[in-house]
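These are the residues of each chain, in order.
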Amino acid sequence: MTLTVRNRQRLKRLDCWLLRRVATWALRETGPGGEPDSAAHEMGVLFVESARMARLNWRYLGHEGPTDVITFDYGKPSTLPQPGPLLGDLFICVQVAVEQGIA
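Residues numbered from 1 in each chain as written. Predicted model: local features only at pLDDT ≥ 70, side-chain atom pairs only at ≥ 80, totals over all residues. Heavy atoms only, no water.

Before going further, it helps to examine the overall build of the chain. A tally of helices and strands in the chain yields 3 helices and 4 strands. Reading the secondary structure of the chain in the N-to-C direction produces β-α-β-α-β-β-α. Carbon and sulfur atoms provide 54% of the accessible area of the chain, an area that totals close to 7400 Å². (Helix = DSSP H or I, 4+ residues; strand = E, 2+ residues; numbered from the N terminus. Areas by Shrake-Rupley, 256 points an atom, 1.4 Å probe, with all protein chains shown as cover.)

Structure (structure tokens):
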């Protein structure tokens, strides 16, 4: 399994080591299709600032402004969930997530 956790924001201090351990555990326990086989997963978890999230949101989704989470699935296109490894990136905007948590 390849799991990358990166903190590219400065609003909140994050424990990337702990976040990586939790994400690794979750991937191993849940596995795609209910199967706990995480050997082939390739995931990136990136915590970003609102300006970068706004650029991603506009470029890939055509939406203006930042959002809390954007996911990119690099697996085979399908209308239904497919069994097999997870291949993708998860972008999290801490600032927007905090604002939504307060509201």
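Read on, since the account is not over.
Turning our eyes to something else, we now look at the packing of aromatic side chains. The description of an aromatic ring pair uses the distance of the two centres, along with the angle that the planes make with each other. According to the stated counting rule, one finds 2 aromatic pairs in the structure shown. Ring centres of Tyr60 and Phe72 lie 5.0 Å apart, and the angle between their planes is 75°; on these two criteria the pair is classed as edge-to-face. Separated by 12 residues along the polypeptide, Tyr60 in helix H2 (residues 50-61) and Phe72 in strand S3 (residues 69-73) bring together distant segments of the chain. Given a relative accessible area of 45%, Tyr60 falls into the partly exposed group. Grouping aromatic residues by their ring pairs yields a cluster made of Tyr60, Phe72 and Phe91. (Phe/Tyr/Trp six-rings, centres within 6.5 Å; stacked < 30°, edge-to-face > 60°. Buried < 20%, exposed > 50% of the residue type's maximum accessible area, 1.4 Å probe, protein only.)

With that out of the way, let us pick up the environment of Met53. Considering the arrangement of structural elements, one finds Met53 in helix H2. Taking the relative accessible area as the measure of exposure, Met53 reaches 0% and is therefore buried. The sequence separation of Met53 and Val94 amounts to 41 residues, and the corresponding C-alpha distance is 9.9 Å. Once residues within four sequence positions are removed from consideration, Met53 is found in contact with Val48, Pro66, Thr67, Asp68, Val69, Ile70, Phe91, Ile92 and Cys93. (Contact = heavy atoms within 4.5 Å.)

This part is about a nonpolar patch on the surface. A contiguous nonpolar patch, built from Trp17, Leu18 and Val22 and spanning about 340 Å² of accessible area, is present on the exposed surface. Secondary-structure assignment places Trp17 in helix H1 (residues 16-30). Trp17 sits in the exposed class, given a relative accessible area of 58%. (Patch = residues over 30% accessible without salt bridge, like charges linked within 9 Å, V, L, I, M, F, W, Y side chains within 5 Å. Salt bridge = Lys/Arg side-chain N within 4 Å of Asp/Glu carboxyl O.)

What follows deals with the environment of Arg55. Mapped onto the elements, Arg55 comes out in helix H2. In this structure Arg55 comes out as exposed when scored by relative accessible area, which is 54%.

Let us look at the side chain of Gln9. Tracing the backbone shows Gln9 in the loop between strand S1 (2-8) and H1. With relative accessibility at 5%, the residue Gln9 sits in the buried group. A distance of 2.7 Å separates the side chain of Gln9 from the backbone oxygen of Lys12, its partner in a polar contact. (Polar contact = N/O pair within 3.5 Å; in protein donor to acceptor, adjacent residues only side chain to side chain.)

Let us look at H2. Look at H2: 15 Å from first C-alpha to last across 12 residues, which is about the 16 Å you get at 1.5 Å a residue. Within the span of H2, buried status applies to Met53, Leu56 and Asn57. The arc enclosing the buried residues of H2, seen along the axis, measures out at 100°, which places them on a common side. Away from the buried face of H2 by more than 90 degrees, exposed residues Arg55, Trp58 and Arg59 are located. Buried residues belonging to H2 abut strand S2 (42-48), S3 and strand S4 (87-93). (Expected span 1.5 Å × (residues − 1). Arc of directions from axis to C-beta.)

In short, shape yes, function no, at least from these values alone.
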